[in-house]
Amino acid sequence: MKNVFLFFAAFSTSLLFAQAIKVPLDTMAITNHTVAIKGTNLNYQAIAGTQPVWDADGAPIATLFYTYYKKSNSEKEKRPIVFSFNGGPGSASAWMHIAYTGPVVLNIDEEGYPVQPYGVKVNPYSILDVADIVFIDPVNTGYSRMVKDKDGKYPDRKNFFGINADIKYLAEWMNTFVSRHNRWESPKYLIGESYGGPRVMGLSKELQNRQWMYLNGVILVSPADYKIYSTNQPIYSAINLPYFAAAAWHHKALAPSLQQKDLLDILPEVETYTINHVMPAIAKGGYISDAERNEVAEKMSLYSGLSKSSIIDHNLNIPTSFFWKELIRDRGFTIGRLDSRYLGIDKTQAGNSPDYNSELTSWLHSFTPAINYYIREELKFKTDIKYNMFGNVHPWDNQNDNVRDDLRQAMAQNPYLKVLVQSGYYDGATTYFAAKYTMGQMDPSGKFKDRVSFKGYRSGHMMYLRNEDLKTATEDIRQFIKESSSKGQPAKY
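Scope of this entry: the structure provided in the associated data block. (Residues numbered from 1 in each chain as written. Predicted model: local features only at pLDDT ≥ 70, side-chain atom pairs only at ≥ 80, totals over all residues. Heavy atoms only, no water.)

Some thoughts on the overall build of the protein chain
Of regular secondary structure, the protein chain possesses 15 helices and 14 strands. Taken over the C-alpha trace, the protein chain has a radius of gyration of 24 Å; the compact-globule value for 493 residues is 23 Å, and the two agree within 12%. Structurally, the protein chain occupies a C-alpha span of about 85 × 75 × 50 Å along its principal axes. Burial status across the protein chain gives 54% buried among its 493 residues. For the protein chain, the exposed area adds up to about 21800 Å²; of that, 51% sits on carbon and sulfur atoms. Where the 54 positive side-chain charges of the protein chain centre and where its 50 negative ones centre are 4 Å apart. (Helix = DSSP H or I, 4+ residues; strand = E, 2+ residues; numbered from the N terminus. Rg over C-alpha atoms; globule rule 2.2 N^0.38 Å. Buried < 20%, exposed > 50% of the residue type's maximum accessible area, 1.4 Å probe, protein only. Areas by Shrake-Rupley, 256 points an atom, 1.4 Å probe, with all protein chains shown as cover. Lys, Arg positive; Asp, Glu negative; His and termini not counted. Charge placed at Lys NZ, Arg CZ, Asp CG, Glu CD.)

Structure representation (structure tokens):
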């Protein structure tokens, strides 16, 4: 009987101390650090915190987690500031935060594969030497969450989970952040990876026209373009051929006449053939002649490493999932979607698509423990809320996708605004040639060609995981920030 009493006493005590798990609405954890960048020590302050999103009546409807890095003892009002977003939609900012531009990077090998013990180390290539950085987690990603009202009800999900809703509330949030931290005089930049690409393209106009906040630069990292992906038009599959060639070259699956060449000697040839021959051939559909179909299939086979018969069987319209399964099927492996350097093993060699994304499972090995450790133990932000690497943001409203023209109009209105596109040649999800195609369609007049630059890297979607590309890509951002500086010149044509 005594033991029973003790059990109920302990259970009652636990109920008294139990609390609902919730993220703090508006708070900051401030820490100070030093990092050696390119051989020079730099002192900086890190602020890990949350800042609310308010509705039209001023009531909080969500709170966003962010990490803000700023150089210590600097004239921050004049120093460039970069706002960083990842994609998904539904992805946290962890990817670029602890693997690309921030002051720490993952403990991984030179090519980006996970290494135990998991964790982070100093990033000697961080861009913190030239700009302050804010990493932002949209609603339901990272520690960011919706907030219940006084009646205990959550706000309408339509306030957050759609291409235009996402842009609208993030622009409002950024206005508050800039005011709170006295950054109105700073040259401002946006960087967005994957779905973060259309996000920052849309933000460029929204910030200018609704927040009166003008930018110096937009950086698109492996940008997604839903004008391509959501149309179901076979003609757009032609854009994948240069990526097929790059991945096949990496796996030594091309004919000797091409394999002996350097990758960058092959790709311009494939790009030209894609635009001039593959796109028109697919556009003809069933009206293409047998002779032309055979001729194009043979050339596509040469460039892709796939058999001519499999290309004809797909009516020249090759699904990327089939390519990942087929390219080195005879060796017993599949290749990765986001980074085709990665290999996977399926249950059966038969089939038309891989069982899983070999690259993503590899990345989650190292990112998940590292970001949880880093924020809690080094940035001192502690909560029982789960850090969502991927959060529930669906259904996502992709209607009225005008971000291409949003960016074009922002550039037309703002002579200072320049764009940098960064892509990995082995990215099979948001391919490098699709990024080039998007920029061409964004500016069909060609009047902004001198304000848009493209940089390619010999890795995949997150090209910065490969150490050599991390070094090169961060240097490309430094140069871009330097070149997009106003240099005291007036903003006029």
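Further notes follow.
Some remarks on the nonpolar core
Of all hydrophobic cores here, the largest spans 59 residues; its most connected members are Tyr100, Phe367, Tyr464 and Leu465. Broken down by element, the residue count for this core peaks at six residues, all from helix α12 (residues 358-378). If sequence neighbours within four positions are ignored, Leu465 has contacts with Ala99, Leu106, Ile108, Asp109, Glu110, Glu111, Gly112, Trp363 and Phe367. Counting 50 residues, the second largest nonpolar core, distinct from the first, contains Val134, Leu190, Leu220 and Leu417. (Core = buried A, V, L, I, M, F, W, Y, C linked by side-chain atoms within 4.5 Å. Contact = heavy atoms within 4.5 Å.)

A look at helix α3 (residues 163-180)
The end-to-end C-alpha distance of α3 is 26 Å, a good match for the 26 Å that 18 residues give at a rise of 1.5 Å each. With 13 of 18 residues buried, α3 is to be regarded as a mostly interior element. Remark: Asn182 follows α3 within two positions and exhibits a positive phi of approximately 55 degrees. (Expected span 1.5 Å × (residues − 1).)

Considerations on the packing of helix α6 (residues 241-250) against helix α9 (residues 290-304)
Put simply, α6 and α9 touch, their axes get as near as 7 Å, and they point 40 degrees apart. When the axis of α6 is compared with that of α9, the two are oblique. Taken together, the residues of α9 that come into contact with α6 (itself represented by Leu241, Phe244, Ala245 and Ala248) are Met300, Tyr303 and Ser304. (Axes fitted to C-alpha atoms, helices over the stretch in contact; angles between N-to-C directions. Parallel < 35°, antiparallel > 145°, perpendicular 65-115°, else oblique.)

Looking at the side chain of Asp132
Position of Asp132 relative to the elements: it lies in strand β7 (residues 132-136). The class of Asp132 is buried, set by a relative accessible area of 0%. Dropping the residues within four chain positions of it, Asp132 is found in contact with Tyr68, Tyr69, Lys70, Lys71, Lys76, Arg79, Pro80, Ile81, Val82 and Arg183.

Topic: the packing of α3 against helix α4 (residues 196-210)
For the pair α3 and α4, the least separation of the axes is 9 Å and the interaxial angle reads 60 degrees. Here α3 lies oblique to α4, going by the angle between them. In this structure, α3 crosses over α4, and the sense of that crossing is right-handed. Of α4, the residues touching α3 (which contributes Asp166, Ile167, Lys168, Leu170, Ala171 and Met174) are Pro198, Arg199, Gly202, Leu203, Glu206 and Leu207. (Left-handed = near helix turned anticlockwise from the far one by under 90°.)

Comments concerning the pattern of salt bridges
One pass over the structure, following the stated rule, counts 25 salt bridges. Across the pair Arg183 and Asp132 runs a salt bridge, and its minimum N-O distance is 2.8 Å. Of the two residues, Arg183 is situated in the loop between α3 and β9 (188-193) and Asp132 in strand β7; the sequence distance between them amounts to 51 residues. Under the relative-accessibility criterion, Arg183 is labelled buried at 0%. The network of salt bridges with common partners includes Glu111, Asp339, Arg341, Arg466 and Asp469. (Salt bridge = Lys/Arg side-chain N within 4 Å of Asp/Glu carboxyl O.)

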